[in-house]
Amino acid sequence: QVQLVESGGGLVQAGGSLRLSCAASGRTISSYAMGWFRQAPGKEREFVAASRWSGAYTEYDYADSVKGRFTISRDNANNTVYLQMNSLKPEDTAMYYCALDHNIDAVVAGPDYWGQGTQVTVSS
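Residues numbered from 1 in each chain as written. Predicted model: local features only at pLDDT ≥ 70, side-chain atom pairs only at ≥ 80, totals over all residues. Heavy atoms only, no water.

## Comments concerning unusual backbone geometry
The backbone of asparagine 79 shows a phi angle near 55 degrees, a positive value even though the residue is not glycine. Assignment of secondary structure puts asparagine 79 in the loop between strand S7 (70–75) and strand S8 (80–85). (Helix = DSSP H or I, 4+ residues; strand = E, 2+ residues; numbered from the N terminus.)

## A look at the packing of aromatic side chains
Under the counting rule described, the total for this entry stands at four aromatic pairs. A ring pair is formed by phenylalanine 37 and phenylalanine 47, whose centres lie 5.7 Å apart and whose planes are at 75 degrees; its orientation type is edge-to-face. Separated by ten residues along the polypeptide, phenylalanine 37 in strand S4 (residues 33–39) and phenylalanine 47 in strand S5 (residues 46–53) bring together distant segments of the chain. Note on phenylalanine 37: relative accessible area 5%, which makes it buried. With a centroid separation of 6.4 Å and an interplanar angle of 85 degrees, the aromatic rings of tyrosine 97 and tryptophan 114 are classed as edge-to-face. Taken together, the residues span a long stretch of sequence, with tyrosine 97 in strand S9 (residues 94–101) and tryptophan 114 in strand S10 (residues 113–114) at a distance of 17 residues. In textbook terms, an aromatic cluster arises when at least three aromatic residues are bridged by ring pairs, as seen for Phe37, Phe47, Tyr97 and Trp114. Here the guanidinium or amino end of arginine 19 rests over the ring plane of tyrosine 82, the centre of that ring lying 4.1 Å away. Above the face of the tyrosine 97 ring, arginine 45 is positioned so that its terminal group lies 3.9 Å from the ring centre. (Phe/Tyr/Trp six-rings, centres within 6.5 Å; stacked < 30°, edge-to-face > 60°. Buried < 20%, exposed > 50% of the residue type's maximum accessible area, 1.4 Å probe, protein only. Lys NZ or Arg CZ within 6 Å of the ring centre and 35° of its normal.)

What follows is the structure, encoded as structure tokens:
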């Protein structure tokens, strides 16, 4: 059974940074694409970032709204994926969810597995 457990959310001032973690069990993430989504109150869940280890290099995809500010990374040995968020803005406030699927396209389209989410609140 796949479990994804997020942590690291919290309250931060605009311009600050947070690092989210997602610990996976039930799958070895080196064989899968991992991603992050977010959902703000009253809005649809939206894609944030994804990565996949090809065996030779890591593939990445980012939403335009976070490019240059957020970085997704993974520690395959510890089966954990991270989202480093810098230069945070109030509009980044949302519940952030970790996701897993076979490839980045599948993650972006709607992954098979989700975590329970971690709240990020950015104050102005």
